[in-house]
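Structure assessment
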Amino acid sequence: QKEVEQNSGPLSVPEGAIASLNCTYSDRGSQSFFWYRQYSGKSPELIMSIYSNGDKEDGRFTAQLNKASQYVSLLIRDSQPSDSATYLCAVNEGYSTLTFGKGTMLLVSP
Amino acid sequence: KAGVTQTPRYLIKTRGQQVTLSCSPISGHRSVSWYQQTPGQGLQFLFEYFSETQRNKGNFPGRFSGRQFSNSRSEMNVSTLELGDSALYLCASSNPSEGAYEQYFGPGTRLTVT
């Protein structure tokens, strides 16, 4: 059984701080990794994808991948109250099949 | 470009009934994946279709089935509904033939079984 693990949180950060979200996965052969944001009552929204070891930056978001440690992270700089949501880590398991973690709830306080 | 659309958005059904949910992918996307989301189990993969062929199936009973049409639109069917089938059903589309594995979700269908 392939697994994706995330701390359920909530992770509370003040406005303007850096939020750090972490994820580990069990399948060493996984090649594609994704972060989704899900607001309460809404569907998941893709915010980052990463395929290679290292960092990938997009605006205030940075995804980090370490395949040797089977670890993916998401950094959100200058966190805003509108970033308060559940962040889902997903790993592609072949074809278009994603295995999701249970998600980390992020709360950004003004 | 229009996003993924799902119909209906909300459904209330009774135990034992069956239900059909519909998904229209982003134009040009040939892969449609279906997921079930519940508070206890999170997001779980149901099945994936590409060019009308089911390529992968998750660990769900045979009551859950699906199909894809030549225009890439997809339907999923749940027969003999159980209370535990109450969930948010999400479809996602992607275009893996271009080497892009990003999946984009529709708004979901909220199914309540009473």
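Residue numbers restart at each chain and count upward from 1, following the sequence in its written direction. For naming, the first written chain is A and the first written ligand is 1, with later ones following in the order written. Note on the predicted model: pLDDT of at least 70 is required for a residue's local features to be given, and 80 or more for side-chain atom pairs to be given and counted; whole-chain, interface and lining totals, by contrast, use all residues. No hydrogens and no water enter the side-chain calculation; it runs on all heavy atoms of the structure.

All names here are of chain A. Numbering of helices and strands starts at the N terminus; helices are DSSP runs of H or I of at least 4 residues and strands are runs of E of at least 2. Relative to the helices and strands, alanine 85 is located in strand 9 (residues 85–92). Separated by 45 residues in the primary sequence, alanine 85 and serine 40 have C-alpha atoms spaced 7.0 Å apart. Pairs of residues are marked as contacts when any of their non-hydrogen atoms sit within 4.5 Å. Apart from the residues within four sequence positions on either side, alanine 85 is in contact with Arg37, Gln38, Tyr39, Thr104, Met105 and Leu106.

This part is about the pairing of strand 9 (residues 87–94) of chain B. All names here are of chain B. Partly exposed residues are those whose accessible area sits between 20% and 50% of the maximum for their type, while under 20% is buried and over 50% is exposed, using a 1.4 Å probe and protein chains only. Among the eight residues of strand 9, eight are classified as buried, and the element is accordingly described as predominantly covered. Residue alternation in strand 9 divides its side chains into two sets, Ala87, Tyr89, Cys91 and Ser93 and Leu88, Leu90, Ala92 and Ser94, and both sets are buried. The pairing criterion for strands is at least two bridges between them, as found by DSSP. Of the strand pairs in this sheet, strand 4 (residues 31–38) and strand 9 are connected by seven bridges, and their pairing is antiparallel. Of the residues in strand 9, the one forming a bridge with glutamine 36 is tyrosine 89. In this sheet, strand 10 (residues 104–105) lies alongside strand 9 in antiparallel orientation, the contact comprising two bridges. The partner of serine 93 across the bridge, within strand 10, is tyrosine 104.

With that settled, consider the interface of chain B and chain A. Accessible area lost upon the coming together of the parts is a frequently used measure of interface size. Listed by partner, the interface residues are 23 residues for chain B and 18 residues for chain A. A simple way to read buried area is as the amount of 1.4 Å-probe accessible surface that goes missing from two parts once joined, with both sides added. Buried surface at the junction of chain B and chain A, both sides included, amounts to about 1600 Å², of which 55% is carbon and sulfur. We count a salt bridge whenever a side-chain nitrogen from Lys or Arg sits within 4 Å of a carboxyl oxygen from Asp or Glu. Along the contact surface separating chain B from chain A lie zero salt bridges. N or O atoms closer than or at 3.5 Å make up a polar contact, with two conditions inside protein: a donor-capable atom paired with an acceptor-capable one, and, for residues adjacent in sequence, both atoms drawn from side chains. Viewed at the interface, chain A and chain B are joined by 12 residue pairs in polar contact (both at pLDDT 80 or more). Those elements giving two or more residues to the side of chain B that touches chain A turn out to be strand 4, strand 5 (42–50), strand 6 (53–57), strand 9 and strand 10 of chain B. Any residue that is not Ala, Val, Leu, Ile, Met, Phe, Trp, Tyr, Cys, Pro, Asp, Glu, Lys or Arg is counted as polar, Gly included; the first ten are nonpolar and the last four charged. Tallied by class, the residues present in the side of chain B that touches chain A amount to 10 nonpolar, 10 polar and three charged.

That's the geometry; what it means functionally is another story.
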